[in-house]
Amino acid sequence: MKEGLHYRDKRTNEILLFYHFTRSCHMFINQNNVCIDRPKYNVYERVTDKKAIQDFEESRKGKSRKNVREKPLFGWDVVMNFNTVYD
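Residues numbered from 1 in each chain as written. Predicted model: local features only at pLDDT ≥ 70, side-chain atom pairs only at ≥ 80, totals over all residues. Heavy atoms only, no water.

A short note on the nonpolar core
- Among the nonpolar cores identified, the biggest contains 12 residues, and these are Tyr7, Leu16, Phe18, Phe28, Val34, Ile36, Tyr41, Val43, Tyr44, Val79, Phe82 and Tyr86.
- Those residues in contact with Ile36, other than ones at most four positions away along the chain, are Leu16, His26, Met27, Phe28, Asn30, Val68, Glu70 and Tyr86.
- Core analysis: the next-biggest nonpolar cluster, separate from the first, contains eight residues, Leu17, Met27, Ile29 and Phe56 among them. (Core = buried A, V, L, I, M, F, W, Y, C linked by side-chain atoms within 4.5 Å. Buried < 20%, exposed > 50% of the residue type's maximum accessible area, 1.4 Å probe, protein only. Contact = heavy atoms within 4.5 Å.)

Now the structure itself:
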């Protein structure tokens, strides 16, 4: 994963901008300009569709940034059943 690239969460089908990473978590920004601090899970795929990226960036314009930290989920079935989308 690289900072500044767009990824799709396979669980929620939500497009996210990869913002930053640390040793234990990934930080993403969603279309509502919410900065989400998530534990590292391998549930993301790279988005290369220019139209989807453009729509994502248009929806972020003019919104103030909020921060959300998620608690770690344990068990792969629990991770894959996660479906929260932040507004």
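Alright, that's what it looks like, and here's the rest.
Side note on the sheet that holds strand β4 (residues 34-39)
- With respect to topology, six strands assemble into an open sheet ordered β5-β1-β2-β3-β4-β6, the strand pairing being mixed. The open sheet is flanked by β5 (44-46) and β6 (66-69), the only strands paired with a single partner. If you compare each strand with its neighbour and ignore which way they point, the axes differ by 40° on average.
- In terms of strand pairing, strand β2 (residues 15-21) meets strand β3 (residues 25-29) through four bridges, oriented antiparallel. Along β3, the bridge assignment pairs His20 with Met27.
- Along the sheet, helix α1 (residues 50-60) contacts β1 (6-9), β2 and β3; its crossing angle with β2, the most-contacted strand, is approximately 75°. (Pairing = 2+ DSSP bridges. Helix = DSSP H or I, 4+ residues; strand = E, 2+ residues; numbered from the N terminus. Axes fitted to C-alpha atoms, helices over the stretch in contact; angles between N-to-C directions.)

Don't take any of this as a statement about function, it's just geometry.
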